[in-house]
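Here is what each chain is made of, one letter per residue.
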Amino acid sequence: MNIGTIGHVDHGKTTLTAAITKVLSERGGAKFTDYAEIDKAPEEKARGITINSSHVEYETDNRHYGHIDCPGHADYIKNMITGAAQMDGGIIVVSATDGQMPQTREHLLLARQIGVKKLVVFINKVDVITDPEMLELVDMEMRDLLTTYNFDGENTPVIMGSALSALEGKNPEIGVDKINELVKACDEWLDLPPRDLEKPFILSIEDVFTVPGRGTVVVGRAERGVCRKGDEVEILGYGTKLKTTLTGIEMFHKELERAEAGDNMGALLRGIKKEQIRRGQVIIAPGSMKSVKKFQAQLYILTKDEGGRYTPFMQHYRPQLFLRTADITIGLSWPEGTADADDKMVMPGDNVEMVCSPVHDVALEPGMRFTLREGGKTVGTGIVTKVLEYV
Ligand SMILES: Nc1nc2c(ncn2[C@@H]2O[C@H](COP(=O)(O)OP(=O)(O)OP(=O)(O)O)[C@@H](O)[C@H]2O)c(=O)[nH]1
Ligand SMILES: [Mg+2]
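This one's a predicted model, so the numbers in the text were calculated from it and none came from an experiment.

**So, the sheet that holds strand S5 (residues 119-124)**
Line of reasoning, step 1. Taken in spatial order, the six strands of this open sheet run S2-S3-S1-S4-S5-S6, and their pairing is mixed. Only two strands of the sheet have a single partner each, and these edge strands are strand S2 (54-59) and strand S6 (158-160). Between one strand and the next, the sheet's axes are offset by a mean angle of 25°, whatever the strand orientation.
Line of reasoning, step 2. In this structure, strand S1 (residues 2-6) lies alongside strand S3 (residues 64-69), joined through four bridges in parallel fashion. If you follow threonine 5 over to S3, its bridge partner there is aspartate 69.
Line of reasoning, step 3. Helix H1 (residues 13-26) rests against S1, S2, S3, strand S4 (90-95) and S5 of the sheet, and its axis sits at about 30° to S2.

Below you can see the structure in the form of structure tokens.
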């Protein structure tokens, strides 16, 4: 299953990710991936923050995990959303020194909206805490916050430790022992995702590369169904509707015959040029889904305390739609027949049903969740209720 680390900037997500691989490598379940290998881009090194989400993998006694370490910095929420969209469960990291901070809250909300059902809490940096009451307070606040965002705050495992101690091999009682406890909590508390392998195949495209001598490789997560080498597939979205053949499947640098729901994979496509592909499109079993130009959705507009807008908006407002890996400008308007549509305001904190018209078509179905963003912040979340117009 796929999990990962989310939470406020500098609270220790990357350190924890490195620490988990270190501790599990000692048990033979991982390759140790050091901090510098996770935050490896020059800008990440220079600034000491994560910008791109990165993938590592490890095994416990009974599970294989793909783990995505997400950035916490508010400027890179976009990367956090695409990272978290691939998670079946997660670890929310909160520093005992700060307690919950704005992106602790925003990440919880987004994780919920994206469909992450369960989280484990890791209260980090306990090595620098002298007052045990502080830890109790953070524990209580985190449970409250989880409950606020519709997680099971009461029963969620909360582990207190020091990722840095574990990584440096110091203070085993708050270091390695707590990592083992965390991993055990993940095994026991996080549910294996329902793998609806029966349904038609969908992969949401995250990235595309040209591999010399081989062709175009598309990277993304298989959301449902199964694909096999040699399958006919269709590429949809952003004005594109193409048929091709899946000539190769790759996962964690291994060539495979098949991939299934939940897998992060590379797909080699016959006769497709890199320029024909972009992030946000999907690869599907031919004919199994359609691309949409207009749909209706239930929206929740965040308050300013949740990181949202300070001011109301009217119809024809144009935020960015983040749906799977797609990032598209959309226009919002009131459903036909709404009285005084041009004077109606939407206030931060409102729940409203509106018509969404993306500037590019996108493959979607009722029930899908998405996020609305504007000028670098999340302003709303939504769920598709009805398709109004197909391409
Ligand atoms: N004292 C102490 N410091 C820690 C601990 N864990 C991480 N740190 C330090 O906190 C700082 C931030 O750690 P990161 O792991 O980069 O934090 P992050 O959450 O990944 O940050 P972003 O990805 O940029 O959001 C670094 O200087 C770490 O060494 C810990 O358990 N104790
Ligand atoms: Mg980081």
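Let's pick the thread back up.
**Section: the nonpolar core**
Line of reasoning, step 1. Ranked by internal contacts, the top residues of the largest apolar core, which has 31 residues, are Ile6, Leu108, Leu119, Val121 and Ile123.
Line of reasoning, step 2. Listed by contribution, the elements that provide at least two residues to this core are helix H4 (77-84), S4, helix H5 (102-114), S5 and helix H6 (132-148).
Line of reasoning, step 3. Ranked by residues supplied to this core, first place goes to H6 with five residues.
Line of reasoning, step 4. Valine 121 has contacts with Ile92, Val94, Met142, Leu146, Thr156, Pro157, Val158 and Ile159, leaving out every residue within four places of it along the chain.

**Describing the packing of aromatic side chains**
To describe a pair of aromatic rings, one takes the distance between the centres and the angle between the planes.
Line of reasoning, step 1. Inspection of every chain in the model, using the stated rule, returns three aromatic pairs.
Line of reasoning, step 2. Seen from their ring centres, tyrosine 58 and tyrosine 65 are 5.7 Å apart, and the 45° between their planes marks the pair as tilted.
Line of reasoning, step 3. Residues phenylalanine 295 and phenylalanine 370 carry aromatic rings whose centres are separated by 5.9 Å and whose planes lie at 80° to one another, so their mutual orientation is edge-to-face. Of this pair, phenylalanine 295 sits in strand S16 (residues 291-301) while phenylalanine 370 sits in strand S21 (residues 369-374); the two residues are 75 residues apart in sequence, bridging distant segments of the chain.
Line of reasoning, step 4. Directly above the aromatic system of tryptophan 189 lies the positively charged group of lysine 118, at a separation of 3.9 Å from the ring centroid.
Line of reasoning, step 5. Here the guanidinium or amino end of arginine 309 rests over the ring plane of tyrosine 317, the centre of that ring lying 4.8 Å away.

Rules used in this analysis
- In this numbering scheme, every chain counts its residues from 1 along its sequence in written order.
- Chains and ligands are labelled by the order in which they are written, letters from A for the one and numbers from 1 for the other.
- Local features are withheld for residues below a pLDDT of 70 in this predicted model, meaning they are given only at 70 or higher, and side-chain atom pairs are given and counted only at 80 or more; totals for whole chains, interfaces and linings count all residues.
- Hydrogens and water molecules were not included; the side-chain quantities draw on all heavy atoms of the structure.
- The rule for pairing is simple: two strands pair if DSSP sees at least two bridges between them.
- The way it works is that DSSP assigns letters per residue, a run of H or I at least four long becomes a helix, a run of E at least two long becomes a strand, and they are numbered from the N terminus.
- Only the stretch in contact is used when a helix axis is fitted, and all axes are lines through C-alpha atoms; the angle between N-to-C directions ranges over 0 to 180 degrees.
- Every residue pair with non-hydrogen atoms within 4.5 Å of one another is taken to be in contact.
- Put simply, buried Ala, Val, Leu, Ile, Met, Phe, Trp, Tyr and Cys residues joined by side-chain atoms within 4.5 Å make one nonpolar core.
- The buried label applies to any residue whose accessible area, calculated with a 1.4 Å probe on protein chains only, is under 20% of its type's maximum; exposed applies above 50%, and partly exposed to all values in between.
- Each pair of aromatic rings taken from Phe, Tyr and Trp, with Trp reduced to its six-membered ring, is defined by centres within 6.5 Å and is described as stacked if the planes are under 30 degrees apart, edge-to-face if over 60, and tilted in the remaining cases.
- The criterion is that NZ of a Lys, or CZ of an Arg, lies within 6 Å of the ring centre and within 35 degrees of the ring normal, and then a charge sits over that ring.

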